[in-house]
Amino acid sequence: RAKGEHFHTVTPLLESWALSQVAGTTVLLKCENVQPTGSFKIRGIGHFCQEVARKGCRHLVCASAFFPSFRTHGRGNAGMAAAYSARKLGIPVTIVLPEGTSLQVVRRLQGQGAEVQLTGKVWDEANLRAQELAKRDGWENVSPFNHPLIWEGHASLVQELKAELGTPPGAVVLSVGGGGLLAGVSAGLAEVGWQHVPIIAMETQGAHCFNAAVQAGRLVTLPDITSVARSLGAKTVVARALECTKEFEIFSEVVEDAEAVSAVQRFLDDERMLVEPACGASLAAIYSGLLQRLQAEGCLRPSLAPVVVIVCGGNSIDSRQLQALRAQLGQS
Ligand SMILES: COC[C@H](NCc1c(COP(=O)(O)O)cnc(C)c1O)C(=O)O
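Only a predicted model underlies this, so the values are computations on that prediction, with no experimental measurement involved. (Residues numbered from 1 in each chain as written. Predicted model: local features only at pLDDT ≥ 70, side-chain atom pairs only at ≥ 80, totals over all residues. Heavy atoms only, no water.)

**A word on the overall build of the chain**
A count of helical and extended segments in the chain gives 14 helices and 10 strands. Relative to the globule expectation of 20 Å for 332 residues, the C-alpha radius of gyration of the chain, 19 Å, shows essentially globular dimensions. The dimensions of the chain, computed from C-alpha atoms along their principal axes, are 55 × 45 × 40 Å. Contacts spanning at least 24 positions in sequence make up 72% of the contacts within the chain whose residues lie at least 6 apart. (Helix = DSSP H or I, 4+ residues; strand = E, 2+ residues; numbered from the N terminus. Rg over C-alpha atoms; globule rule 2.2 N^0.38 Å. Contact = heavy atoms within 4.5 Å.)

**Some remarks on the packing of helix 11 (residues 257-271) against helix 12 (residues 277-287)**
At a minimum axis separation of 7 Å, helix 11 and helix 12 run at an interaxial angle of 80 degrees. Taken together, the axes of helix 11 and helix 12 are roughly perpendicular relative to one another. From helix 11, Glu-259, Ala-260, Val-261, Ala-263, Val-264, Arg-266, Phe-267 and Asp-270 reach across to helix 12, where they touch Pro-277, Gly-280, Ala-281, Leu-283, Ala-284 and Tyr-287. Counted by class, the contact of helix 11 with helix 12 contains 10 nonpolar, one polar and three charged residues. (Axes fitted to C-alpha atoms, helices over the stretch in contact; angles between N-to-C directions. Parallel < 35°, antiparallel > 145°, perpendicular 65-115°, else oblique. Nonpolar A, V, L, I, M, F, W, Y, C, P; charged D, E, K, R; others polar.)

**Some details on the nonpolar core**
Leu-60, Leu-174, Val-185, Ile-200, Phe-267 and Leu-283 are the most contacted members of the largest nonpolar core, which has 106 residues in total. Of the residues forming this core, the biggest block, eight residues, is contributed by helix 12. Here Leu-174 is in contact with Leu-181, Leu-182, Val-185, Ile-199, Ile-200, Ala-201, Met-202, Ser-282 and Ile-310, once residues within four sequence places are set aside. Counting residues in hydrophobic clusters, the runner-up holds nine residues, among them Trp-123, Ala-126, Leu-133 and Ala-134. (Core = buried A, V, L, I, M, F, W, Y, C linked by side-chain atoms within 4.5 Å. Buried < 20%, exposed > 50% of the residue type's maximum accessible area, 1.4 Å probe, protein only.)

**What to know about the packing of helix 2 (residues 41-54) against helix 3 (residues 76-89)**
Here helix 2 crosses helix 3 at 40 degrees, and the two axes come no closer than 9 Å. Here helix 2 is positioned oblique relative to helix 3, judged by the angle of their axes. In this structure, helix 2 crosses over helix 3, and the sense of that crossing is right-handed. Contacts between helix 2 and helix 3 involve Lys-41, Ile-42, Ile-45, Gly-46, Cys-49, Gln-50 and Ala-53 on the former and, on the latter, Asn-77, Ala-78, Ala-81, Ala-82, Tyr-84, Ser-85 and Leu-89. Here the residues of the contact of helix 2 with helix 3 sort into nine nonpolar, four polar and one charged. (Left-handed = near helix turned anticlockwise from the far one by under 90°.)

**So, the sheet that holds strand 6 (residues 139-141)**
Spatial strand order, 5-4-3-6: four strands in an open sheet with parallel pairing. The two strands at the open ends of the sheet, each matched to only one other strand, are strand 5 (115-118) and strand 6. When strand polarity is set aside, the average angle formed by the axes of neighbouring strands in this sheet is 20 degrees. Strand contacts of helix 3: strand 3 (59-63) and strand 4 (93-97), with the helix running at about 165 degrees to strand 4, the strand carrying the most contacts. Taken strand by strand, helix 4 (residues 103-111) contacts strand 4 and strand 5, and its axis lies near 150 degrees from that of strand 5. (Pairing = 2+ DSSP bridges.)

**Focus: the environment of Gly-170**
Here Gly-170 shows up in the loop between helix 7 (156-165) and strand 7 (171-175). Sequence spacing of Gly-170 and Asn-127 is 43 residues, and the spatial spacing of their C-alpha atoms is 38 Å. With near-sequence residues (within four places) excluded, Gly-170 lies in contact with Pro-198, Leu-304, Ala-305 and Pro-306.

**Observations regarding the pairing of strand 7**
Counting buried residues along strand 7, five of its five residues qualify, which places the element largely inside the surrounding structure. Of the two faces of strand 7, the one lined by Ala-171, Val-173 and Ser-175 and the one lined by Val-172 and Leu-174 are each fully buried. Looking at chain direction, strand 7 and strand 8 (residues 199-204) are connected through four bridges and run parallel. In the strand pairing of strand 8, Val-173 is matched with Ile-200. Crossover strand 7 to strand 8 through helix 8 (residues 180-191) is right-handed. (Right-handed = clockwise from strand over helix to strand, strands pointing away.)

Here it is as structure tokens:
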């Protein structure tokens, strides 16, 4: 790659016949699941890492929780993006993980060239350690979702939509964990003059920190994360995400875990791509008829321009885990 060129790839925007049939309007899939690190994260985190390296950062640190047990939060995708970026930049990276993290994951990160530290029981404790380490001279802590440079990097996704579509989509569907993707897509819409395009912000019940904030009109910290979509497992959404509701037309919707996992299975059968339940939350906006409901309620136009669903992807899923989730939710 040319010096300074970004680490993410320009991803395909595929028209989905299957999802268009279900939605009753054209559905386009922005396939972030085929990014080099398996999710859209590399856009924002790659940009952040390049910028801090340019300003003299010599050591990256990131708190992450890979293939987490039920009680920890999924931040594995950000950790993957940080490890990949560090390798591309040729600077060392320390990934701090909760003690319960599987050896397979530790090996996988070490294979990416990362130094791994295990500490604490949950991500929040690993993050405290990462923040401690980041006090060292030349070290920078890579947040999974909470930095303007991350939002700036994620905005590249909308630049690609503008380049490919020209005219604005009828709506953009995305998932919300800590709110970084939402903040980034909002920034992108403003940049390309599409600030009127509605955003359908999807969460799962039990990881609904954005919806809780929208309902309360202020930031709300969830007592715990009880959704299987652990990559959406931030207890508090970033303040910027809540601010976006004042500048953009954002519909905050929450689906049950069962709907998100069922959407993952249907998407696998419809499009032959396997994604995390975090991504299933966005796909459920189509499969659960939410789009038609918003049209019936007059929130969206009866005849919509093509709707873009951001297929955010995610690494923490394989066929065995999907079957286990379906059995756990009584879907086998
Ligand atoms: C909590 O966890 C933060 C982050 N996952 C975030 C994430 C999201 C939500 O993005 P966000 O709203 O956090 O920017 C959606 N879809 C997928 C596949 C994700 O991995 C992480 O991996 O560290």
